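Coordinate inspection notes
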Amino acid sequence: MRILFLGFYKSPAFLQWDGQQGSDLGGQRKIGLLLRALLASGHEVRVVSSAVSARNRREWQKQLKTTVDFPEGRVSVIHSGTTGLKPWGGLLTCFTTRQVVLGLASEWKPDIAFSYNGLLAETISLLALRNRFGTPFVVEVDDYPGVRARGWNPKAKMDVFGWHFLEPKASGFVLVNSKLRDKVPTGGRPFVILPGIVEDALIEQSKKRRDPFASKQRTLLYCGGLSVERGAGRLLAAIPFLPPDWRLVVAGSGPLLARFQEQAELAPERCAFLGLLSSSQMIPVLCAADTVINPPETLNHADGVFPVKIFEYIASRAHLISTKLPKVEGADLTWFQRWSGEPEELRTLLSNAESDYQQEKAVRETAIRWVNQEFSIRQVSLKLNGIFSAIAK
């Protein structure tokens, strides 16, 4: 199949243009894994990205055409032209993306479109694509519209408004947790629950890792956005409360980056900062950690998300501490949802981590087998093909 992929994707060429260091964390990692799953089935994939500059600047961002190579194949990427001036860059991109999508569709004629999240740029493009060419589309609902607190950002308000027009026209859905079935009226349209994707390299390396808690020095690893909204502020507050033999290891980027760098410089025995990591860099870090952590995020409603890193945390075979998560059917994942966000509570959880790890062996091994078997790139590829086949009938 010819699949047109839409989303806020930052290719290596775009990151270089924008003066950013590459990262496989969060949404960018999920997009990359989805593209790999599509390529694994032999689909021809082209990407139209609505990404804008991370810097607040006036100059015009020219349309950028590039290619990205993955282990499963190559995708071509078009970044539509816009400006980085906030918030107008994001709004302008909605219309430049539409123009690129329609131009590409007229000459390439995709069989189906696939959208990572249904934000405003993707909504305008998908509806135009459906109206002009009749192209069916699938929406991957990774963050349910309005779930993240973004203040009075006009683009965020329009993202939510646009969803009410996008959802009825979608041909199928990929939902990030089971609770979203109550929010997204599929109405007989095909869908799949996809909380995460685990690449083979992580599965294989985790089998060779040393057992957690084999050393007297213990590591608590966090990979993700470094902002108060993402819960990183709680980790900063928890550093003084870590047990004496524990060190917080942080990988990521965001507004709190300088604070973590400062902590790592002032007390390297208590905090280490790794910066942004690529996939090849992140896997060995995951497989060396004793404990991995998912802190509470600031959300308007908790059922609208499911962090992609959770399944990678499980696959890494590390001890896992998380805040409460939405339900995912298929396996018991409640055993590691134990932290409310309070520093004193985390100290107790870390003090008991080794004994908890031993007691949870059976349920953890069951979860690892389920994640590795059901959410490898190959298995996700088959799940997505099931949706495409149902739409094509």
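Before reading on, note that the structure itself is shown above.
Quick summary incoming for the structure in this document.

Scoring rules and cut-offs
Residues numbered from 1 in each chain as written. Predicted model: local features only at pLDDT ≥ 70, side-chain atom pairs only at ≥ 80, totals over all residues. Heavy atoms only, no water. Helix = DSSP H or I, 4+ residues; strand = E, 2+ residues; numbered from the N terminus. Rg over C-alpha atoms; globule rule 2.2 N^0.38 Å. Buried < 20%, exposed > 50% of the residue type's maximum accessible area, 1.4 Å probe, protein only. Contact = heavy atoms within 4.5 Å. Lys, Arg positive; Asp, Glu negative; His and termini not counted. Charge placed at Lys NZ, Arg CZ, Asp CG, Glu CD. Phe/Tyr/Trp six-rings, centres within 6.5 Å; stacked < 30°, edge-to-face > 60°. Lys NZ or Arg CZ within 6 Å of the ring centre and 35° of its normal. Salt bridge = Lys/Arg side-chain N within 4 Å of Asp/Glu carboxyl O.

All right, on to the overall build of the protein then. In terms of helices and strands, the protein carries 14 helices and 15 strands. Against the compact-globule benchmark of 21 Å for 393 residues, the protein has a radius of gyration of 21 Å, which places it among compact chains. Across the 393 residues that make up the protein, the buried fraction comes to 56%. Counting contacts in the protein only where the partners sit at least 6 residues apart, residues at least 24 apart contribute 75% of the total. Counting 49 positive and 38 negative side-chain charges, the protein places the centres of these two groups 5 Å from one another.

Within the structure shown, the criterion is met by 10 aromatic pairs. Between F213 and W246, the ring centres sit 6.2 Å apart and the planes meet at 65 degrees, which makes this aromatic pair edge-to-face. One end of the pair, F213, is in the loop between α6 (200-208) and β11 (218-225); the other, W246, is in strand β12 (residues 246-253), and 33 residues separate them in sequence. Of the two residues, F213 and W246, both sit in the buried class. Linked through ring pairs, F306, F311, W370 and F375 together constitute an aromatic cluster. Note that R364 overlies the ring of Y357, its terminal NZ or CZ placed 3.5 Å from the centroid.

What follows is about the pattern of salt bridges. Charged atoms that come close allow side chains of opposite charge to pair. Under the counting rule described, the total for this entry stands at 19 salt bridges. Measuring nitrogen to oxygen at the nearest pair gives 2.6 Å for the salt bridge that ties E167 to R189. Residue E167 is located in the loop between α5 (154-166) and β9 (172-175), and its partner R189 is located in the loop between β9 and β10 (191-193); the two are separated by 22 residues in the primary sequence. For R189, a relative accessible area of 18% puts it in the buried group. Through salt bridges with shared partners, a single network forms among R29, R36, E72, E199 and E312.

Quick look at the environment of V45 now. Relative to the helices and strands, V45 resides in strand β2 (residues 44-49). On a C-alpha basis, the gap between V45 and S76 in space is 7.2 Å, while along the polypeptide they are 31 residues apart. If we skip the residues at most four places from it in the chain, V45 touches I3, F5, L35, L38, L39, V75 and S76.

As far as function goes, none of this settles anything; it's purely spatial.
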